[in-house]
Amino acid sequence: MRTGWADTERHDLQLAEQAPHAARRRAALSARFPGERLVIPSGNLKVRSNDDTYPFRPYSGYVHMAGDQVRDGALVLEPRADGGHDAYCYQLPRDSRDDDEFWTGAHAELWTGRRRSLAESERVLGLPCRDVRTAAADLAAAFGAPTRIVRGVDPSLEAAVTTDAGRDAELEEALSDLRLVKDAWELGELRKAVDSTVRGFTDVVAELSRAIASSERWIEGTFFRRARLEGNAVGYGSICAAGEHATIMHWTDNDGPVRPGDLLLLDAGVETHSLYTADVTRTLPVSGTFTPLQREIYDAVYEAQEAGIAAVKPGARYRDFHEAAQRHLTARLVEWGFIEGPVDRAYELGLQRRFTMAGTGHMLGLDVHDCAQARTEDYVDGVLEPGMCLTVEPGLYFQADDLTVPEEWRGIGVRIEDDLVVTDDGHENLSAALPRAADEVEAWMARFSG
C-alpha cells in the first residue's frame, strides 16, 4: 500500500494573481500594530451532523490578508526590530504515504482530495509556509512581543496564546477597516460576481413556469445552478420569497407556492471562486405584469431607491443614502394614511420602520455584510470614499396580519437592491444590467419568461 506511487509535486505553479494585493494589505495591517505578533487563523471544518461537515468557508480576514482559502491554516505576522513584520503561513502539508495518515481519517487526502504541498503554497502565495501541526506549540513558546489573535475562528490556536480580549477585538476591527475601500483587483472580482448574478436572475425568469408548477425551491435551485457553474456557490442563503413570504426579511425556507398574481422577491448573489459576493434583489410579478396596487407600491420603492442611489458619492456621509430613501418612503406612508404626519416628525420618531423594517444598505465584498466589525466612526458614521462598495436596498413590507392597512395591501412585500461602487465623481451601479423600473421589468420578463 505504501509503495508504487508517482511523485506528483507540481513545479509549474505561478504566483497567484491576488498575491501582490494581499502583500500590500499585510503592509497596511503591519503599520497599525508595530512590535506585535498578529495571528489570523483560516478556521476549521464545522460539523453539520455526526461525521458530516459543512462545506468549508475560510475566515474572510484570512482570505483578504493571505490570498488563500485553506482550512486549518493561519497567517502570522512576526514583528521585526525595525517596526515592520515578517509574514508566514501555517498550513496542512500533504499527507505522507510512508505512514497511515494518507489512508485513514475522514479528512485524509485519499478521501477528500489532494492538497498543495508547503513548497507549492509558497510559490502560489509568495509567503514562507510552515507545518500547521506545530503552530500551537510554536505560538505557545513564542516570546519577545505581545500577541493578538482573531478570536472565535480556531479554538486550538486561541488556546495556545495568552492575549487580551479587548486588544484581540482591535485586530478584528482593523481587518474590517482595511476592507472598507476595495482595490482594483477586488472591484474586478465584484464585477464578475454581479455579472453572474444578473445571468442567474435571467435564468429564474426563464424558468418561472417551472416554479409555478412546483415551488420556491425551483427558483432557489435555478439560481444555485448558475452560482455553482460560474462561481464558488451563493454568497448567502438565497431568499426566494413569493406571495406573503416577500414580507419576511430573511425568508430562506423557500418551500412555498409560486402563484400567478403574486409578487416574487428574489434576493440572491453569486460568490466568485475568490469568495467575493454580489447581493441583488428584484421584485417580480409572477404573471409578468404588476397589478395597479402592486405597481403603486413598487414605484414608491423604486423612487426611494433612486433617491438613495443619487446620494452615493465621495464625500457624502454613509448615512445619507439611507436617510434619503427612508424619508421618501416615510412621505409615501404619510400620503397613504398609514402613519401620522408631518413627514419630518414621523421620520424622527421612526414610524416608517413598521413597514420598512431594516436599514437601506450595507458594505459588500468578501462578506455579504462586509466590514461588519469596522469602527463605527469609519463605517456607519463615516464618509464615502472612492472604492467603497455598498448596496442600496429600500423596501416596503405589509405583513399579512397587519390590521392597520387595508386588506388588499396585506401580504405584499417589495424590495429593490443594487450593488454600487463609489467612484471619483459619483458612483457606478454594478448591477445596472438588471431592469429596475416597473415598465422595464415587465418588458424584460416578457422577453425571457417561460
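The coordinates are above.
In short, a report on the structure. (Residues numbered from 1 in each chain as written. Predicted model: local features only at pLDDT ≥ 70, side-chain atom pairs only at ≥ 80, totals over all residues. Heavy atoms only, no water.)

### Focus: the pairing of strand 13 (residues 389–392)
Two faces, one strand: in a regular strand the side chains alternate between the faces of the sheet. Residue alternation in strand 13 divides its side chains into two sets, Cys 389 and Thr 391 and Leu 390 and Val 392, and both sets are buried. By the bridge criterion, four bridges tie strand 13 to strand 16 (residues 418–423) in an arrangement that is antiparallel. Residue Leu 390 lies in a different strand from strand 16, and its bridge partner there is Leu 420. (Buried < 20%, exposed > 50% of the residue type's maximum accessible area, 1.4 Å probe, protein only. Helix = DSSP H or I, 4+ residues; strand = E, 2+ residues; numbered from the N terminus. Pairing = 2+ DSSP bridges.)

### What to know about the sheet that holds strand 9 (residues 239–242)
Pairing is antiparallel in the open sheet, where three strands are placed in the order 9-10-12. In this open sheet, the two strands that pair with only one neighbour each are strand 9 and strand 12 (280–285). The mean inter-strand angle of the sheet, taken between neighbouring strand axes irrespective of direction, is 10°. Across six bridges, strand 10 (residues 263–268) lies against strand 12 in antiparallel orientation. (Axes fitted to C-alpha atoms, helices over the stretch in contact; angles between N-to-C directions.)

### Considerations on helix 15 (residues 438–448)
Along helix 15, the residues that are buried comprise Ala 438, Val 441, Glu 442, Trp 444 and Met 445. Seen from one end, helix 15 has its buried residues packed into an arc of 165°, which puts them on one side. Those residues of helix 15 that are exposed and angled more than 90 degrees off the buried face are Asp 439, Ala 446 and Arg 447. Structurally, helix 15 contributes buried residues whose contacts are with helix 8 (184–206), helix 9 (208–213), strand 12 and helix 11 (292–310). (Arc of directions from axis to C-beta. Contact = heavy atoms within 4.5 Å.)

### A word on the pattern of salt bridges
In this structure the tally under the stated criterion is 46 salt bridges. Residue Glu 109 pairs with Arg 94 through a salt bridge whose shortest N-O separation is 3.2 Å. Of the two residues, Glu 109 sits in helix 3 (residues 109–112) while Arg 94 sits in the loop between strand 5 (85–91) and helix 3, which places them 15 residues apart along the sequence. Arg 94 gets classed as buried once you look at its relative accessible area, which sits at 19%. Here Arg 259 ties to Asp 262 by a salt bridge, and the two come within 3.4 Å at their closest N and O atoms. (Salt bridge = Lys/Arg side-chain N within 4 Å of Asp/Glu carboxyl O.)

### Thoughts on the packing of helix 11 against helix 15
Running from N to C, helix 11 and helix 15 cross one another at 115°; their axes reach a closest spacing of 10 Å. Of the residues in helix 15, those touching helix 11 at Arg 295, Tyr 298 and Asp 299 are Ala 438, Asp 439, Val 441 and Glu 442. Class assignment of the residues belonging to the contact of helix 11 with helix 15 gives a composition of three nonpolar, no polar and four charged. (Nonpolar A, V, L, I, M, F, W, Y, C, P; charged D, E, K, R; others polar.)

### Thoughts on the nonpolar core
By size, the foremost hydrophobic cluster in this structure holds 63 residues, and its most contacted members are Ile 219, Leu 396 and Phe 398. Residue contributions to this core peak at nine residues, all from helix 8. Core analysis: the second largest hydrophobic core is formed by 23 residues, Phe 33, Ile 40, Val 153 and Ala 174 among them. (Core = buried A, V, L, I, M, F, W, Y, C linked by side-chain atoms within 4.5 Å.)

### Some remarks on the sheet that holds strand 17 (residues 426–429)
Read from one edge of the open sheet, three strands run 13-16-17, paired in antiparallel fashion. In this open sheet, the two strands that pair with only one neighbour each are strand 13 and strand 17. Each neighbouring strand pair of the sheet contributes to a mean axis angle of 40°, computed without reference to strand direction. Relative to strand 13, helix 11 is tilted by about 155°, and along the sheet it contacts strand 13, strand 16 and strand 17.

### What about the pairing of strand 5?
Within strand 5, six of the seven residues are buried, leaving the element largely enclosed by the surrounding structure. Both strand 4 (residues 74–79) and strand 5 contribute to a ladder of six bridges, which runs antiparallel. Residue pairing in the sheet places Val 76 in a bridge with Tyr 88 of strand 5. Where strand 4 hands over to strand 5, the hairpin turn is made up of five residues, of which Gly 83 adopts a positive phi near 95°.

On their own, these measurements won't tell you what the molecule is for.
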